[in-house]
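Each chain is listed here by its residues.
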Amino acid sequence: MSTEPEDSVSTSPAVRWGLGAVLFALLAVSMAFTAAGNGLMLTGAVACGAAACFAGYRAFSAGKSR
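The structure reproduced in this document is the subject of the present report.

### A closer look at the overall build of the protein
Secondary structure assignment for the protein yields two helices and zero strands. The proportion of buried residues among the 66 residues of the protein is 20%. Taking contacts inside the protein between residues at least 6 apart in sequence as the whole, the part at least 24 apart equals 60%. Total accessible area on the protein stands at roughly 5,100 Å², and carbon and sulfur atoms take up 68% of it.

Shown next, in the form of structure tokens:
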């Protein structure tokens, strides 16, 4: 049995964008809870939240177009 992935198996773009959205959302929540008044951390949390929204939109539109 080979450990190499088959060429016919691929992850759909909706799944990839969805995983990106989840990871950015978790990073944003983590940064927001550890910010403790630090403006730069709060700005980073907002930026990660915006990236999560964008990735979520891309996942939704990629899933809808299938």
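### Comments concerning the packing of helix α1 (residues 13-34) against helix α2 (residues 39-65)
Relative placement of two packed helices is described by the angle separating their axes and the distance separating the axes. Here α1 crosses α2 at 160°, and the two axes come no closer than 7 Å. Judged by the angle between their axes, α1 and α2 are roughly antiparallel. The interaxial crossing formed by α1 with α2 has left-handed handedness. By residue class, the composition of the contact of α1 with α2 is 19 nonpolar, seven polar and one charged.

### Here's the deal with a nonpolar patch on the surface
Judged by side-chain polarity, W17, F54 and Y57 come together as a nonpolar surface patch covering roughly 340 Å² of accessible area. Looking at the element boundaries, Y57 is found in helix α2.

### Quick look at unusual backbone geometry
Phi angles above zero are rare outside glycine, and A36 is one such case at about 50°. The residue A36 is located in the loop between α1 and α2 in this model.

### Structural notes on α1
In this model, α1 (22 residues) spans 32 Å end to end at C-alpha, consistent with the 32 Å of a helix rising 1.5 Å per residue. Within α1 the residues assigned to the buried category are A14, A21, A28 and M31. For α1, the angular spread of the buried residues around the axis is 125°, confining them to a single face. Looking at α1, the residues exposed on the side facing more than 90 degrees away from the buried face are L19, L23, L26 and F33. In this structure, the buried side of α1 is in contact with α2. Residue A36 follows α1 closely and has a positive phi angle near 50°.

### A few points about the environment of A35
The residue A35 is located in the loop between α1 and α2 in this model. Taking the C-alpha atoms as reference points, A35 and A45, separated by ten residues in sequence, lie 8.5 Å from one another. Each residue touching A35, except ones within four places of it in the same chain, is listed here: M41 and L42.

The rules we used
Residues numbered from 1 in each chain as written. Predicted model: local features only at pLDDT ≥ 70, side-chain atom pairs only at ≥ 80, totals over all residues. Heavy atoms only, no water. Helix = DSSP H or I, 4+ residues; strand = E, 2+ residues; numbered from the N terminus. Buried < 20%, exposed > 50% of the residue type's maximum accessible area, 1.4 Å probe, protein only. Contact = heavy atoms within 4.5 Å. Areas by Shrake-Rupley, 256 points an atom, 1.4 Å probe, with all protein chains shown as cover. Axes fitted to C-alpha atoms, helices over the stretch in contact; angles between N-to-C directions. Parallel < 35°, antiparallel > 145°, perpendicular 65-115°, else oblique. Left-handed = near helix turned anticlockwise from the far one by under 90°. Nonpolar A, V, L, I, M, F, W, Y, C, P; charged D, E, K, R; others polar. Patch = residues over 30% accessible without salt bridge, like charges linked within 9 Å, V, L, I, M, F, W, Y side chains within 5 Å. Salt bridge = Lys/Arg side-chain N within 4 Å of Asp/Glu carboxyl O. Expected span 1.5 Å × (residues − 1). Arc of directions from axis to C-beta.

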